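Residues per chain are reported as follows:
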Amino acid sequence: MTNHEENPLIRPYRVEIPQSALDDLRDRLRRTRWAPDLPGTGWERGVPTAYLRELAQHWAEEYDWRAQEAAINAHPQFTTEIDGATVHFLHVRSPEPGATPLMLLHGWPGSIVEFLGLIGPLTDPVAYGGAAGDAFHLVIPSLPGYGLSGPLPGPGWTDARTAAALVTLMDRLGYERYGVQGGDVGAFVGPLMGRAAPGNVLGVHANGLLTFPDGDPAVMGSLSAAERDRLARMDEWQEKEGAYMRLQGTRPQTIAAALHDSPAGQLAWIVEKFQAWTDPAAELPEDAVDLDVILTDVSLYWFTGTAGSSAHTYYERFNDPGMWAPRERGTVPTGVAVFPTDVSVRPLAERAHHVVHWSEFDRGGHFAALETPGLLLDDIRDFFRPLG
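Residues numbered from 1 in each chain as written. Predicted model: local features only at pLDDT ≥ 70, side-chain atom pairs only at ≥ 80, totals over all residues. Heavy atoms only, no water.

The name given to the chain in an unreviewed UniProt entry is Epoxide hydrolase, with Bailinhaonella thermotolerans as the source organism.

(A) Representation of the UniProt feature "active site" (unreviewed entry) in the chain in the model. When the UniProt feature table is mapped to this numbering, "active site" (unreviewed entry) covers D184, Y314 and H366. For D184, the location among the structural elements is in the loop between β6 (178-183) and α6 (185-196). Excluding residues that lie within four positions of it along the chain, D184 makes contacts with G107, W108, N207, G208, W277, Y314 and H366. Here H366 is to be found in the loop between β9 (354-360) and α17 (368-371). With a relative accessible area of 16%, H366 lands in the buried category. Once residues within four sequence positions are removed from consideration, H366 is found in contact with D184, N207, W277, T341, D342 and E371. (UniProt positions renumbered as here; feature names shortened; annotations may be inferred. Helix = DSSP H or I, 4+ residues; strand = E, 2+ residues; numbered from the N terminus. Contact = heavy atoms within 4.5 Å. Buried < 20%, exposed > 50% of the residue type's maximum accessible area, 1.4 Å probe, protein only.)

(B) The arrangement of the environment of R161 in detail. Mapped onto the elements of the fold, R161 is located in helix α5 (residues 159-172). On the accessibility criterion, R161 (25% relative accessible area) is partly exposed. Through-space distance from the C-alpha of R161 to that of V139 is 18 Å; in sequence the pair is 22 residues apart. Not counting residues up to four positions away in its chain, the partners in contact with R161 are D83, P155 and G156. Polar contacts involving the side chain of R161 include one to the main-chain carbonyl oxygen of P155, which spans 3.5 Å. (Polar contact = N/O pair within 3.5 Å; in protein donor to acceptor, adjacent residues only side chain to side chain.)

(C) Highlighting helix α18 (residues 373-384). The end-to-end C-alpha distance of α18 is 16 Å, a good match for the 16 Å that twelve residues give at a rise of 1.5 Å each. When we look at burial in α18, the residues that qualify are L375, L376, L377, D379, I380, R381, F383 and F384. (Expected span 1.5 Å × (residues − 1).)

(D) Structural detail: the sheet that holds strand β3 (residues 85-92). Pairing is mixed in the open sheet, where nine strands are placed in the order β1-β2-β3-β5-β4-β6-β7-β8-β9. At either margin of the open sheet sits one strand with a lone partner, and together these are β1 (10-12) and β9. Adjacent strand axes in the sheet meet at a mean angle of 25° when their direction is disregarded. Relative to strand β7 (residues 201-207), β6 is paired through six bridges, and the arrangement is parallel. Note on β7: the bridge partner recorded for V180 is V204. Contacts from α6 reach β4 (100-105), β6 and β7, with the element oriented near 155° to β6. (Pairing = 2+ DSSP bridges. Axes fitted to C-alpha atoms, helices over the stretch in contact; angles between N-to-C directions.)

(E) Broad picture of unusual backbone geometry. W108 connects to P109 through a cis peptide bond whose omega is 0°. Turning to its location among the elements, P109 is positioned in the loop between β4 and α4 (116-123). With an omega of -10°, the peptide bond between G150 and P151 qualifies as cis. Locating P151 in the fold gives a position in the loop between β5 (136-141) and α5. The phi dihedral of D83 is positive, around 55°, even though this residue is not glycine. Despite not being glycine, D184 shows a phi value in the positive range, around 60°. The exposure class assigned to D184 is buried, which follows from its relative accessible area of 15%.

(F) View of the packing of aromatic side chains. Scanning the entire structure with this criterion turns up 16 aromatic pairs. Pairing F274 with F367 gives two aromatic rings, centres 4.1 Å apart and planes at 10°, and the pair type is stacked. Of the two residues, F274 sits in helix α11 (residues 263-276) while F367 sits in the loop between β9 and α17, which places them 93 residues apart along the sequence. Accessibility assignment for this pair places F274 and F367 in one class, buried. The cationic tip of R317 hangs over the ring face of Y314; the distance from NZ or CZ to the ring centre is 4.8 Å. (Phe/Tyr/Trp six-rings, centres within 6.5 Å; stacked < 30°, edge-to-face > 60°. Lys NZ or Arg CZ within 6 Å of the ring centre and 35° of its normal.)

(G) Just the nonpolar core, in detail. Ranked by size, the top nonpolar core spans 98 residues in total, and within it W59, W108, L166, L169, Y178 and M193 carry the most contacts. The element best represented in this core is helix α13 (residues 291-304), accounting for eight residues. When neighbours within four sequence positions are excluded, Y178 is seen to be in contact with P101, V167, M170, M193, A197, N200, V201, L202 and G203. Counting residues in hydrophobic clusters, the runner-up holds eight residues, among them A187, A206, V336 and V355. (Core = buried A, V, L, I, M, F, W, Y, C linked by side-chain atoms within 4.5 Å.)

(H) Highlighting the pattern of salt bridges. Tallied over the full model, the rule gives 16 salt bridges. Notably, a salt bridge pairs D27 with R31, separated by 3.0 Å at the nearest N-O pair. By relative accessible area, D27 is classed as partly exposed at 34%. Residue classification places R31 among the exposed positions, given a relative accessible area of 58%. The salt bridge partner of R385 is D134, with a shortest N-O separation of 3.0 Å. Taken together, the positions of R385 in the segment after α18 and D134 in the loop between α4 and β5 put the pair 251 residues apart, joining distant regions of the chain. Owing to a relative accessible area of 10%, D134 belongs among the buried residues under this scheme. (Salt bridge = Lys/Arg side-chain N within 4 Å of Asp/Glu carboxyl O.)

(I) Fine view of the packing of α5 against α6. At their nearest, the axes of α5 and α6 sit 8 Å apart, and the two run at 65° to each other. Every pair of crossing elements has a handedness; the one defined by α5 and α6 is right-handed. Packed against α5, whose contacting residues are D159, A160, T162, A163, L166 and V167, the element α6 presents V185, F188, V189, L192, M193 and A196 at the interface. Here the contact of α5 with α6 is built from residues that sort into ten nonpolar, one polar and one charged. (Left-handed = near helix turned anticlockwise from the far one by under 90°. Nonpolar A, V, L, I, M, F, W, Y, C, P; charged D, E, K, R; others polar.)

Shown next, in the form of structure tokens:
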């Protein structure tokens, strides 16, 4: 593995948001022009203003960004330039010399914050009552265009281009064989890394993996009732929950104008997903994920001004012919963790990926690393244990 001090392309990094940016955030939140609720309506029409006002007040008056910033800075961070883009990443080495290198990939509206609680158990399992053989060296990038890796330098950052950049990052760090874990956007990028570098990626573990029907009547006819129900839920999700995706995928710069100027708007845009996509048993976002963790995630988008560039990656996905073109089945061993809000269907996943591990859970949701970290941790270990 390459020592960072010996590689001039890799620079140490610390998160240091200027006090002026914190003051500006609080001032904007205090001066928000609140949209009136339509009487008799609730979450089914979006984030209720009364709830949003309470959340914004907490963000402005009680939330401690400096404490959250220190928690991020407790881990080694670096930046490097790849294909014209700045890529920020955490790189945490395990004390176990035989640890397996593993890249963790967030999605939208996620960030590196999702994985902070997993760093200790994954890198030093013995300290958490686990086995030394389950140790990982971790590389946790901010995806190009997101958070501390943004904004993007220009158009054309498809998922395949992102995957190629992250393969380059692992090569630059000196890792010849490594695993990848990702959810949401990370569940798109991770398998593409396997396709780009099948000789280097020993396995891909995914949660929130989307599986699309290819029209084969034999496959569709073989689906169980539960699998057909899951497909139906995907259609319902696209109809009732997919507006954000259509907007970011078709007019990203328009939504960027609103979110870049209004922290209350940025908060609503993201917290809606923490309400809709977390464990169905959770009524409010903070019932599933710690409120300050949610606000740290939102803060990273706000302070880095990456609402727009992250939205532009959806435009690239929508308009990338290679993304939707028929392709050969992936060859890299793939593991899939399915949480209650996921719509992954195994026979469809197996058409596209070399699935060797499949787990289904009855609790948790889309933000698995934050909602049910123990379940995700165990499943990552179970998947990679025979591959390392």
